[in-house]
Amino acid sequence: MQTQAYRQLDRDHHLHPFTDFKALAEEGSRIVTHAEGVYIHDSEGHRILDAMAGLWCVNLGYGREELVEAATAQLRELPYYNNFFKSTHPPAVKLAEALCRLAPAHMNRVFFTGSGSEANDTVLRMVRRFWALEGKPDKQWIIARENAYHGSTVAGLSLGGMAPMHGQGGPLVPKITHVRQPYWFGEGRPAGQDPGTFGRECAAALEAKILELGEENVAAFIAEPVQGAGGAIIPPESYWPAVKEVLARYDILLVMDEVICGFGRLGEWFGSMHYDLAPDLMPIAKGLSSGYLPIGGVLVGDRVAETLIERGGEFFHGFTYSGHPVCAAVALKNLELMQAEGVVERVRNDIGPYLAERWATLAEHPLVGEVRSLGLIGALELVDPDTGGRFDKSLGAGTLCRDICFELGLVMRSVGDTMIISPPLVISRAEIDELVSLARQALDDTERRLVARKQA
Ligand SMILES: Cc1ncc(COP(=O)(O)O)c(CNc2cccc(C(=O)O)c2)c1O
């Protein structure tokens, strides 16, 4: 079928996620037909370097036959059975064991879901159930961060701190509140604060909120090690150590959302390990299967697990596809390949530092106000060369740069005027050179087009 025919049927029948349906219908969708390594191909023959690994998830890259074979074999063996009715199957058992072997030592159980949003729904249920079983049923408030992303179910959007989502999804889940995010470039720099001071102030805001609500009412703090969809927000070095000090003073659970930062993205199996944090619960998804099949889950620390097990009786929660055998088989093979190929260590010791070195060269571009990266997450902050400050929002600088990237054969994500990359972890040095070269060209073209827009 030709591109136009696909586009017309897509226009007629398909409502896309996070999309202005009318605008897309007018513009027409991109038909992605196949992919290999770090490249996707569309129906018009374009080969595009996918510096977003799909949606932060294709950690092993596209076209891994071993994952196809794992799925095919499992489809033939047992295409589906549930983990209800006291039942399980080898893929779920083996994946649970493999995950708990990779997780921090105090995390020895996993609850499976079909997505990261369902993982955070599960977190909400577990946190409130845990404190009820501990005899503290009023300990219900969950503190999250402004501009955090924890998914798109009602619980996920309530835990998230994204105002546009709150504006469409209310009424929100009660007893969830948000504190300031450690986004130095967006909030600390404009206030004239050095990163260290700003990071400590953000941690102090968490303690102030705990005291305002009363420790006896606060159940948990949930956070991404590095905020992804919020803008690849790598916190100041002072932030997580200061948060650890705050949390040590109060008995509230720590939930680290590892949906993006898990499975090697920051150069460790989990982002919490990079920051030396010991979470009670860790939602996971995305890189768990390299996006080949939908699977998520919650890694559960012993303190919560033992209470739920010993005193919980039946936990009235779960999903049809919890621990789906084919998804679990692919995820298991994915983890085996990551370990066999030393993918995580390579991010930490080789390709992550190489990306940092090459990505930093973009700082000299007049459109760039800040360059940051950690592991294989990177961000560029676009600024107006005339002022050094942000562009007027009406210019749509970030969206323009994203569209120019596609024209040049590169996928970069824009969040406002922040450009983001999160490439497959298997990306080569040569492909990083190509990525940075295309990004530089996109910045040049964006600058020229913005000058014209400003003069229009
Ligand atoms: C930290 C975090 N937690 C939970 C979710 C929800 O996962 P599911 O999507 O599988 O329900 C996410 C997902 N993150 C996500 C999903 C879709 C798009 C983008 C983007 O940056 O454009 C980011 C995420 O980044």
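Above: the structure in question.
Residues numbered from 1 in each chain as written. Predicted model: local features only at pLDDT ≥ 70, side-chain atom pairs only at ≥ 80, totals over all residues. Heavy atoms only, no water.

A. Region of the structure containing the sheet that holds strand β13 (residues 410–411). Spatially, the four strands line up as an open sheet ordered β1-β2-β3-β13, and their pairing is mixed. Each end of this open sheet is capped by a strand with a single partner; those strands are β1 (32–36) and β13. Note that strand β2 (residues 39–42) and strand β3 (residues 47–50) share three bridges and pair antiparallel. Counterpart to H41 in the pairing with β3 is R47. The sheet strands contacting helix α17 (residues 429–455) are β2, β3 and β13, and the helix crosses β3 at an angle near 100°. (Pairing = 2+ DSSP bridges. Helix = DSSP H or I, 4+ residues; strand = E, 2+ residues; numbered from the N terminus. Contact = heavy atoms within 4.5 Å. Axes fitted to C-alpha atoms, helices over the stretch in contact; angles between N-to-C directions.)

B. The arrangement of the layout of surface pockets in detail. Roughly 840 Å³ of volume is contained in the second largest pocket. Elements with a contribution of two residues or more to the lining of the second largest pocket: α5 (90–102), β4 (107–113), α6 (116–133) and α13 (302–311). It is β4 that contributes the most residues to the lining of the second largest pocket, four residues altogether. The residue inventory of the lining of the second largest pocket, partitioned by class, reads 16 nonpolar, eight polar and three charged. (1 Å grid on protein atoms, 1.4 Å probe; cavity = no way out; pocket = protein on both sides within 12 Å on 5 of 7 lines; lining within 4 Å. Points joined across faces, edges and corners; volume = space filled by probe spheres on them. Nonpolar A, V, L, I, M, F, W, Y, C, P; charged D, E, K, R; others polar.)

C. Fine view of the packing of aromatic side chains. Overall, the coordinates contain eight aromatic pairs when judged by the stated rule. For the ring pair Y80 and Y321, a centre distance of 6.2 Å and an interplane angle of 85° mean the geometry is edge-to-face. Here Y80, found in the loop between α4 (65–77) and α5, pairs with Y321, found in the loop between α13 and α14 (325–340); they are 241 residues apart in sequence, far enough to count as distant. Residue class for Y321 comes out exposed when judged on its relative accessible area of 53%. Where W240 meets Y275, the ring centres are 6.2 Å apart and the plane angle is 40°; that geometry is what we call tilted. Here W240 is found in helix α11 (residues 239–248), whereas its partner Y275 is found in the loop between α12 (271–274) and β9 (281–284), with 35 residues between them in sequence. According to the relative accessible area criterion, Y275 is buried, its value standing at 16%. Following the ring pairs from residue to residue traces out a cluster consisting of Y239, W240 and Y275. Directly above the ring of Y39 sits R47, whose terminal nitrogen or CZ lies 3.7 Å from the centroid. Sitting over the face of the ring of W131, K139 holds its NZ or CZ atom 4.7 Å from the ring centroid. (Phe/Tyr/Trp six-rings, centres within 6.5 Å; stacked < 30°, edge-to-face > 60°. Buried < 20%, exposed > 50% of the residue type's maximum accessible area, 1.4 Å probe, protein only. Lys NZ or Arg CZ within 6 Å of the ring centre and 35° of its normal.)

D. Inspection of the pattern of salt bridges at higher detail. Taken as a whole and assessed by the stated rule, the structure comprises 24 salt bridges. Among the ionic pairs, E134 bridges to R311, the shortest N-O distance being 3.0 Å. Here R311 lies in helix α13 and E134 lies in the loop between α6 and β5 (141–145), a separation of 177 residues in the sequence. Among the residues examined, E134 registers a relative accessible area of 27% and is labelled partly exposed. A cluster of three or more residues bridged by salt bridges with shared partners is formed by E370, R372, E381 and R390. (Salt bridge = Lys/Arg side-chain N within 4 Å of Asp/Glu carboxyl O.)

E. Fine view of the site of the ligand. What surrounds the ligand is a group of 16 residues, the closest being W56, G116, S117, D257 and R413. G116 places a main-chain nitrogen or oxygen 3.0 Å from an oxygen atom of the ligand. Contacts to the ligand include S117, whose side-chain N or O atom sits 2.5 Å from an oxygen atom. Burial of the ligand by the protein amounts to 84% of the accessible area it has alone, namely 540 Å². Looking at the shell around the ligand, the elements with two or more residues in it are α3 (53–56) and α6. Among the elements that line the shell around the ligand, the one with the most residues is α6, at three residues. Here the residues of the shell around the ligand are counted per class, giving six nonpolar, six polar and four charged. (Near = heavy atom within 4 Å. Polar contact = N/O pair within 3.5 Å; in protein donor to acceptor, adjacent residues only side chain to side chain. Areas by Shrake-Rupley, 256 points an atom, 1.4 Å probe, with all protein chains shown as cover.)

F. Geometry of the nonpolar core. Formed by 111 residues in total, the largest nonpolar core has its most connected members in L95, L99, F221, L299 and W359. The leading source of residues in this core is α14, at nine residues. The two domains that each donate at least three residues to this core are domain 1 (31–63 + 342–455) and domain 2 (66–340). Among all residues touching L99, those that are not within four sequence positions of it are V110, F112, F263, I284, L288, L299 and L335. Judged by nonpolar contacts, the second largest core, of 26 residues, contains M126, L159, V173 and L253. (Core = buried A, V, L, I, M, F, W, Y, C linked by side-chain atoms within 4.5 Å. Domains from an automatic or database assignment.)

G. Here's a closer look at the pairing of β5. Within β5, four of the five residues are buried, which leaves the element mostly enclosed by the surrounding structure. As paired strands, β5 and strand β7 (residues 218–223) are joined by three bridges and run parallel to one another. When the bridges of β7 are listed, I143 appears paired with F221. Bridging between β5 and strand β6 (residues 176–179) involves four bridges; their strand directions are parallel. The partner of A144 across the bridge, within β6, is H178.

H. Structural view of the side chain of D445. Looking at the secondary structure, you find D445 in helix α17. Residue classification places D445 among the buried residues on the basis of a relative accessible area of 17%.

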